[in-house]
Amino acid sequence: MIGLISATAAGAVAAQRLASAWPERTRVYEGPVRDAVGRAFGECEQLVCFLATGATVRLLAPLLGDKASDPGVVCVDEGGRFAVSLVGGHGGGANELAREVGELMGAEPVVTTATDAMGVPGLDTLGVPVEGDVAGVSRAVLDGEAVELDLEFSWPLPALPSNVGRPAARQGSVPQQEPVIHVTDRLLDIGQAQVVLRPPSLVVGVGASKGAPTDEILGLVHAALRDAGLSPKSLAEIVTVDAKADEPGIVQAAESLGVPLVTYSADELAAVEVPNPSDAPLAAVGTPSVAEAAALVRGGELLVPKRKSERADGKAAMATCAVVRRPGRGRLAVVGLGPGARDLLTPRAKAELRSASVLVGLDQYVDQIRDLLRPGTRVLESGLGAEEERARTAVAEARKGQAVALIGSGDAGVYAMASPALAEASDDIDVIGVPGVTAALAAAAILGAPLGHDHVSISLSDLHTPWEVIERRVRAAAEADIVVTFYNPRSRGRDWQLPKALAILGEHREPTTPVGVVRQASRPDESARVTTLAALDPATVDMMTVVTVGNTATREIAGRMVTPRGYRWQESAQEESE
Ligand code: SAH
């Protein structure tokens with residue numbers, strides 16, 4: 001139970017807000033605050049005090065006992081701006097509560113416990129199911145104690161701090177009963193101070209006759225896993241042949257197990273070598289094996305060969321299954337960081353950064369997000385120009401089974417790292433792309449609505465592209481009356497390209513055509529202006545800038561650059577709706 005205490009009208013309103021959001025978890029303590037804090041302290045696991053920290057500290061001081069049993073206390077100020085974890089950060093769960101309260105009330109959580117402030121992860125935030133003494137082992141990780149990592153097989157896990165490791169890899173002596181993190185799909189009897197992480201390593205192949213009941217299939221899968229000593233929490237997929245994609249029993253079994261159903265063609269399955277082929281499925285669906293072949297088709301180790309279901313009524317079995325452990329595949333996330341501002345970094349990008357064990361990127365981009373990385377993340381940063389090397393490094397690390405994040409500003413696929421990396425990558429790693437807000441889009445939002453109709457981006461860097469090619473593309477955009485955003489517009493050693501490109505556009509557009517110039521979009525020294533083709537001074541443009549040139553219909557309206565959605569202004573309103 002969380003006790004809520006307030007002294008002022010504003011505090012009472014805030015307390016009420018929390019109480020109605022969490023009716024089951026909270027109790028409001030009324031009356032004089034000293035008395036209310038005293039009662040709540042004795043009765044609750046946690047307290048939220050809508051009081052100044054000073055007042056709260058004075059009220060708590062005589063009550064404090066020891067950190068293992070005292071409630072966790074969070075303090076929220078009058079203005080509801082901060083949720084301060086005051087005492088019991090770890091043991092009392094005040095750090096987590098400060099975050100939750102902050103999220104709910106729009107207040108900034110303030111956490112001063114060293115390990116938390118450094119972002120050491122709780123084991124339940126790794127994105128993998130975890131069981132056992134999660135609180136105890138997480139605390140050991142947080143406190144910097146030696147924690148053993150027992151890997152049954154390699155898996156691309158997020159970074160863990162350096163006090164977690166295999167005994168040999170770790171420095172110093174190992175205490176007798178040190179905490180252990182097991183990474184396995186096997187059922188284990190675990191003792192105190194142990195947890196098991198369950199990576200999704202198991203695939204169950206299922207074959208079934210038409211009309212096979214869900215219960216029969218579910219019973220079979222559970223029995224097969226149990227008898228082999230395997231945990232259903234490590235189940236990644238149910239797999240079968242295409243012809244059974246809509247078989248209700250299989251579909252419902254997968255649903256009930258909470259995993260996707262993946263199917264393969266009979267031809268693909270027929271090509272897989274299996275220990276127990278048979279004639280029945282060959283006649284029915286065109287492959288001598290469904291369960292074993294589907295489980296093995298993407299490789300792995302057969303842990304449970306084909307096994308038939310058992311029926312209480314003694315009738316013939318209607319289902320078969322086989323269990324395979326797939327090797328952990330390395331993971332390469334290609335992550336766009338957006339143009340610079342933290343709130344233009346997508347939540348998905350943030351999650352990928354936090355689940356990486358290795359981060360690869362240009363040093364200046366790494367600086368942009370360094371605070372988001374988990375302690376223990378290996379950072380491989382390099383300077384400008386080392387693109388090929390970065391791409392190779394990222395792919396090589398993923399091939400070793402690591403969870404790699406390769407970062408780029410804006411979108412990592414736009415004039416950035418995605419293509420060199422994917423040119424290196426083979427199909428033995430998983431590749432995940434996370435889109436980012438590009439410089440062109442960030443600039444457009446600042447300028448107004450310059451991209452309301454067809455538009456292109458053209459890079460004026462002739463480092464990797466011959467100028468003739470660039471010029472041909474600028475000319476084509478000019479002739480086709482397309483809005484153009486110039487990337488890499490001008491550097492100290494490359495100053496004639498922008499005037500030349502603008503001149504080509506000027507052959508087809510009026511000198512009064514609006515041009516938007518945005519420097520350092522979304523960064524602290526952002527600047528933007530709307531000018532015209534004739535008035536733009538190229539000398540004011542540098543490499544931190546994008547330049548967007550309107551088409552013949554683009555107008556400057558109230559200082560903003562607006563391109564109509566239709567070709568002409570009159571038509572645009574009538575013909576198109578949102
Ligand atoms: N992947 C990036 C582009 C990288 S190319 C994206 O999707 O946006 C580098 C060029 O992008 C720079 O020369 C500049 O023209 C532009 N750029 C990147 N970030 C910018 C920003 N915040 N403001 C203005 N231009 C930016």
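Note that the coordinates shown come from a computational prediction; the quantities given were computed from them, not determined experimentally.

### A closer look at the overall build of the protein
Stage number 1. When helices and strands are counted, the protein shows 19 helices and 29 strands.
Stage number 2. When the backbone C-alpha atoms are referred to their principal axes, the protein occupies close to 85 × 80 × 55 Å.
Stage number 3. Taking all contacts inside the protein whose residues are at least 6 apart in sequence as the whole, residues at least 24 apart take part in 66%.
Stage number 4. By element, 51% of the accessible surface of the protein is carried by carbon and sulfur atoms, the whole surface being about 27400 Å².

### Some details on the environment of T540
Stage number 1. Within the fold, T540 resides in the loop between β26 (527-532) and β27 (545-549).
Stage number 2. In this structure the C-alpha to C-alpha distance between T540 and I2, which are 538 residues apart in sequence, comes to 58 Å.
Stage number 3. One polar contact links the side chain of T540 to the main-chain carbonyl oxygen of D537, over a distance of 2.6 Å.

### Topic: the nonpolar core
Stage number 1. V204, V206, I217, I238 and V323 are the most contacted members of the largest nonpolar core, which totals 23 residues.
Stage number 2. Where this core is concerned, the elements lending two or more residues are β12 (202-208), α7 (214-227), β13 (235-241), α8 (248-257) and β16 (319-325).
Stage number 3. Take this core: its biggest share by element is six residues, from α7.
Stage number 4. Non-local contacts of I238, meaning those with residues more than four positions away in its chain, are made with V204, V206, I250, A254, L257, V259, P260, L261 and V262.

### Regarding the pattern of salt bridges
Stage number 1. On inspection of all chains with the given rule, the structure shows 29 salt bridges.
Stage number 2. A salt bridge links D542 to R519; its shortest N-O distance comes to 2.8 Å. Of this pair, D542 sits in the loop between β26 and β27 while R519 is found in strand β25 (residues 514-519), placing the two residues 23 residues apart along the sequence.
Stage number 3. Among the residues examined, D542 registers a relative accessible area of 24% and is labelled partly exposed.
Stage number 4. Taken together, the shared-partner salt bridges connect E152, D185, R186, E301 and R325 into one network.

### What to know about the side chain of S231
Stage number 1. Locating S231 in the fold gives a position in the loop between α7 and β13.
Stage number 2. The exposure class assigned to S231 is buried, which follows from its relative accessible area of 3%.
Stage number 3. A polar contact of 3.4 Å, which involves the side chain of S231, links it to the side chain of R198.
Stage number 4. Within the structure, S231 has its side chain in polar contact with the backbone nitrogen of K233 (distance 3.0 Å).

### Some thoughts on the site of the ligand
Stage number 1. In the vicinity of the ligand, 20 residues are found, and the nearest of them are V414, A439, A521, M543 and T545.
Stage number 2. Here a nitrogen atom of the ligand and a backbone polar atom of P339 are 3.1 Å apart.
Stage number 3. The separation between a nitrogen atom of the ligand and a polar main-chain atom of A521 is 2.8 Å.
Stage number 4. For the ligand, whose accessible area on its own is 550 Å², the fraction buried by protein is 93%.
Stage number 5. Here the shell around the ligand spans two domains, and each of domain 4 (331-437) and domain 5 (440-568) adds at least three residues to it.

### Digging into the sheet that holds strand β29 (residues 560-562)
Stage number 1. With respect to topology, three strands assemble into an open sheet ordered β22-β29-β28, the strand pairing being mixed. Across the chains shown, the open sheet's two edge strands, defined by having one partner strand only, are β22 (448-449) and β28 (555-557).
Stage number 2. Bridge count between β28 and β29: three bridges; the pairing is antiparallel. Residue R555 lies in a different strand from β29, and its bridge partner there is V562.

### Considering the environment of G3
Stage number 1. Following the sequence through the fold, G3 ends up in strand β1 (residues 2-6).
Stage number 2. Judged by relative accessible area, G3 falls into the buried class, the value being 0%.
Stage number 3. Taking the C-alpha atoms as reference points, G3 and V28, 25 residues apart in sequence, are found 6.0 Å from one another.
Stage number 4. Ignoring sequence-local partners within four residues, the contact set of G3 consists of R27, Y29, C44, Q46, L47 and V48.

### Re the sheet that holds strand β17 (residues 330-336)
Stage number 1. Pairing is parallel across the open sheet formed by five strands, whose spatial order is β19-β18-β20-β17-β21. In the strand order of this sheet, the two ends are held by β19 (378-382) and β21 (429-434), each with one partner. Strand-to-strand twist in this sheet, taken as the mean axis angle between neighbours without regard to direction, amounts to 15°.
Stage number 2. Examined bridge by bridge, strand β18 (residues 358-362) and β19 share five bridges and lie parallel to one another. Along β19, the bridge assignment pairs V358 with R378.
Stage number 3. With respect to the sheet, helix α12 (residues 347-354) is in contact with β17, β18, β20 (403-408) and β21, its orientation differing from that of β17 by roughly 140°.

### Comments concerning the packing of helix α1 (residues 9-21) against helix α4 (residues 94-105)
Stage number 1. Between α1 and α4, the least distance of the axes is 11 Å, while the angle of their chain directions is 100°. When the axis of α1 is compared with that of α4, the two are roughly perpendicular. Counting all contacts with α1, which are made through A14, R17, L18 and A21, the residues of α4 involved are V101, L104 and M105.
Stage number 2. By residue class, the composition of the contact of α1 with α4 is six nonpolar, no polar and one charged.

### Focus on the packing of α7 against α8
Stage number 1. Their axes nearest at 8 Å, the elements α7 and α8 cross at an angle of 50°. The angle between the axes of α7 and α8 places the two elements in the oblique class. By crossing handedness, the relation of α7 to α8 is classed as right-handed. Within the contact between the two elements, α7 uses T214, I217, L218, V221 and H222 and α8 uses P248, G249, I250, Q252, A253, S256 and L257.

### Considering the domain arrangement of the protein
Stage number 1. In terms of domain boundaries, the protein breaks down into domain 1 (2-112), domain 2 (130-197), domain 3 (202-325), domain 4 (331-437) and domain 5 (440-568).
Stage number 2. The C-alpha-based centres of domain 1 and domain 5 are spaced at 54 Å.

### Some words on the packing of aromatic side chains
Stage number 1. Taken as a whole, this structure holds three aromatic pairs when the rule is applied.
Stage number 2. Aromatic pair W467 and W496: ring centres 5.1 Å apart, planes at 75°, arrangement edge-to-face. Here W467 is found in helix α17 (residues 467-479), whereas its partner W496 is found in the loop between β24 (483-487) and α18 (497-506), with 29 residues between them in sequence.
Stage number 3. Between the NZ or CZ atom of R25 and the centre of the ring of W22, over which it lies, the distance is 4.3 Å.

### Brief notes about the environment of A212
Stage number 1. If you trace the backbone, A212 turns up in the loop between β12 and α7.
Stage number 2. In the structure, A212 is positioned 150 residues away from P62 in sequence and 67 Å away in space, judged by C-alpha atoms.
Stage number 3. Those residues in contact with A212 that sit more than four places away from it in its chain are I217, E247, G249 and M318.

The rules we used
Residues numbered from 1 in each chain as written. Predicted model: local features only at pLDDT ≥ 70, side-chain atom pairs only at ≥ 80, totals over all residues. Heavy atoms only, no water. Helix = DSSP H or I, 4+ residues; strand = E, 2+ residues; numbered from the N terminus. Contact = heavy atoms within 4.5 Å. Areas by Shrake-Rupley, 256 points an atom, 1.4 Å probe, with all protein chains shown as cover. Polar contact = N/O pair within 3.5 Å; in protein donor to acceptor, adjacent residues only side chain to side chain. Core = buried A, V, L, I, M, F, W, Y, C linked by side-chain atoms within 4.5 Å. Buried < 20%, exposed > 50% of the residue type's maximum accessible area, 1.4 Å probe, protein only. Salt bridge = Lys/Arg side-chain N within 4 Å of Asp/Glu carboxyl O. Near = heavy atom within 4 Å. Domains from an automatic or database assignment. Pairing = 2+ DSSP bridges. Axes fitted to C-alpha atoms, helices over the stretch in contact; angles between N-to-C directions. Parallel < 35°, antiparallel > 145°, perpendicular 65-115°, else oblique. Nonpolar A, V, L, I, M, F, W, Y, C, P; charged D, E, K, R; others polar. Left-handed = near helix turned anticlockwise from the far one by under 90°. Phe/Tyr/Trp six-rings, centres within 6.5 Å; stacked < 30°, edge-to-face > 60°. Lys NZ or Arg CZ within 6 Å of the ring centre and 35° of its normal.

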